[in-house]
Amino acid sequence: MLGQVSSLPQQPQRPPSSGHMVVCGDDTLGRRLAVELRYVYGERVTLLVPPGREPSRPDVPLTQRARAGALFGRMSAAMNRNGAGGANGSGDTNAGVEAVRIMEAHEPSDEVLEEAGVDRAAALALVYDDDELNIRAALTARRLNPRLRLVIRLYNRKLGQHLETLLDQAAAVSMPGLDPAALDASTTVLSDADTAAPALAATALTGSSKVIQAEGLLLRAVERTPPRPGELADPGLCTLALLSSTSQDPAGSEGSDSSGEDGPQLLPDRATVHAATGRGTVVLEAISQAGPDRGPARMGGRGAPLGQVFSRRLRWSALGVAAAVVGLAVASVITTGDNPVHAAYLTLLDLLAMGDPAVEDTDSDSRQVIQLLSGMAGLLLLPLLVAAVLEAFGTLRTASSLRRPPRGLSGHVVLLGLGKIGTRVLVRLRELDIPVVVVEEDPEARGIPLARSLHVPTVLGDVTQEGVLEAAKIRRARALLALTSVDTTNLEAALYARSVKPGLRVALRLYDDEFATAVYRTLRTVHPGALTRSRSVSHLAAPAFAVAMMGRQILGAVPVERKVMLFAALEVAGNPHLEGRTVDQAFRAGAWRILALDATPPADRLPDLAAVPPYDPLGPPGPGGPDRPSGLVWDLHPGYVLRPEDRVVIAATRRGLAEMLRGQRSAMRR
């Protein structure tokens, strides 16, 4: 599948010159990131991988070095075939750039990092799957090179915030005169799980939206189906992309960079949008306030309500006994003419066998009959109380255990795998109030405590075994998300689920594009009426890590089928593609589009737009908002001339953003 491993020039005896990029990782994200930096941004890259096979993929016979070499070989061949042009196809973005230098080492020790040239590098990415290893390497790298731009992969978000502050302070202490803007970009902590989770969760929903949120800024990109004949499509604020011609066909495959004209088109111009009849679109629908983070909702409510403590049969039995007591009390009032309160009191005494026998001459026959009936109701009450006590103890005993899928559950999403990615996707789905049933083989998996705390129904078992998906109520599910780290397991689960429910919506986590293409062809042939999509976590996360290594904090990434569109904030000063041009002239179809202008005076401007507190960009500051207006202008006039002191929010393709950053760096060198 990976093909022949290409021979790459390895020069361990000659350390790289200054200004290169170093990537250290032990899984697919590191290799994808090196490809992004080398073949999109045209940077000189040194890739450090452990020797031997990848621990999480023992089924792959190639070593990590061989897999990286095969990936670079395929990318180099593809770039040579396609001309490797820039956003407009003008020139080779990788001309004169050496091949990726691959090194092998078990850990990024002091000696290994020095051999990789970290002391002379422009940026270092630490994307090991182990958070502790990334932290130790980051501390070492900061000591070797205080100016080094660090991009660190951490799953623990709180720890990442503290580490980012610590490393920035270390850089400021080592270099007191460091520019605040450079300091802000010196350390960036990212999580591949957080980057990919919204896109993975969106694949389970029809017509779902992708949200780009950076504290105060919230952009919502929505997929729109093609309008009917005679109807006009709502363009929203602007059209971000045209979906592929087969996107509305369940049997159609998703487009990628090699799909040609039939594939998705990012950032099209107005003429292209009008001419593309019958194709879906991705539009920018709203820019609104990003409120405080809302925790994921629990399935079944908070705590242990009555419906979870006692069974329905027991509740109906208790209601029947209560109705009998009320009926006997009413009958006592009617037949004896007694006070209603006193009659109810006597009925309860008879029910609990605490009243005196009605054998006196003054007691009527009706009173004796009511007492006998109350005694019989009391006999029914005893087993009811015992059952209630047993069920209450059973509920307390199982409160800390995993919840089983309820019998009447339907319209839910079946989520396979509770690793790093599956856990983040579970949180995202519960934030959207989507019912979920989780299937996990390992009872000690990372996400099991979260599923327990959220009362999410969980099935423990191997998804490839018969009966496991049935226990997850797959027949009544709306979608299947197969997010385990093994491609073959995800595929096997998808095929089995389709055999049970042919029309099930399926989204798979697959790494290899060739394997994904084969999966599409197979599932299109067997189940032409069902919708199947695949996503690669490394493919979704790599652009965000690459832009961070270039010294820019992207606001987010939106997957458009198998392509990725980036949102970023850029300074106009020194950028030949922006400075002195009008908004209309700065727009380049298929490369970038200006969405907003930050008109805040440079003296009052925060270095990072993502650090702005929550506010409503379209309205006045509310309570708890910033003291000054946000300064973001969204309805820009096409004739507005961009000034050097401006900052803009853009949507760009990967190659478009790379070209813009290269142009800015070239202008600064001159």
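Residues numbered from 1 in each chain as written. Predicted model: local features only at pLDDT ≥ 70, side-chain atom pairs only at ≥ 80, totals over all residues. Heavy atoms only, no water.

### Details of the packing of aromatic side chains
Phase 1 of the analysis: Taken as a whole and judged by the stated rule, the model has zero aromatic pairs.
Phase 2 of the analysis: Across the ring face of Phe587, the terminal group of Arg593 is positioned such that the distance to the ring centre comes to 4.4 Å. (Phe/Tyr/Trp six-rings, centres within 6.5 Å; stacked < 30°, edge-to-face > 60°. Lys NZ or Arg CZ within 6 Å of the ring centre and 35° of its normal.)

### Let's talk about the environment of Leu578
Phase 1 of the analysis: Inspection of the secondary structure puts Leu578 in the loop between strand 19 (563-571) and helix 19 (583-586).
Phase 2 of the analysis: Residue classification places Leu578 among the buried positions, given a relative accessible area of 0%.
Phase 3 of the analysis: In this structure the C-alpha to C-alpha distance between Leu578 and Arg643, which are 65 residues apart in sequence, comes to 8.4 Å.
Phase 4 of the analysis: Among all residues touching Leu578, those that are not within four sequence positions of it are Glu571, Val572, Ala586, Ile594, Leu642, Val648 and Met660. (Helix = DSSP H or I, 4+ residues; strand = E, 2+ residues; numbered from the N terminus. Buried < 20%, exposed > 50% of the residue type's maximum accessible area, 1.4 Å probe, protein only. Contact = heavy atoms within 4.5 Å.)

### Points about helix 4 (residues 131-144)
Phase 1 of the analysis: Taking 1.5 Å per residue as the helical rise, helix 4 with its 14 residues ought to reach 20 Å, and the 20 Å between its terminal C-alpha atoms agrees with that figure.
Phase 2 of the analysis: Buried residues dominate helix 4, accounting for ten of its 14 residues.
Phase 3 of the analysis: Asp131, Leu133, Asn134, Ile135, Ala137, Ala138, Thr140, Ala141, Arg142 and Leu144 are the residues of helix 4 that are buried.
Phase 4 of the analysis: Where helix 4 is buried, its residues meet helix 3 (110-115), strand 4 (123-126), strand 5 (149-153), helix 5 (157-174), strand 6 (187-190) and helix 13 (420-431). (Expected span 1.5 Å × (residues − 1).)

### Focus on unusual backbone geometry
Phase 1 of the analysis: Located in the positive-phi region is Leu267, a residue other than glycine, with phi close to 50 degrees.
Phase 2 of the analysis: If you trace the backbone, Leu267 turns up in the loop between strand 10 (265-266) and helix 8 (270-275).
Phase 3 of the analysis: Although it is not a glycine, His455 sits at a positive phi angle of roughly 60 degrees.
Phase 4 of the analysis: Looking at the secondary structure, you find His455 in the loop between helix 14 (448-453) and strand 14 (458-460).

### Remarks on the pattern of salt bridges
Where side chains of opposite charge bring their charged atoms close, a pairing between them can arise.
Phase 1 of the analysis: Within this structure, the stated rule accounts for 15 salt bridges.
Phase 2 of the analysis: For Arg153, the salt bridge identified is with Asp27, shortest N-O distance 2.8 Å. Taken together, the positions of Arg153 in strand 5 and Asp27 in the loop between strand 1 (21-24) and helix 1 (28-39) put the pair 126 residues apart, joining distant regions of the chain.
Phase 3 of the analysis: For the salt bridge of Asp598 with Arg647, the shortest nitrogen-to-oxygen distance reads 2.7 Å. (Salt bridge = Lys/Arg side-chain N within 4 Å of Asp/Glu carboxyl O.)

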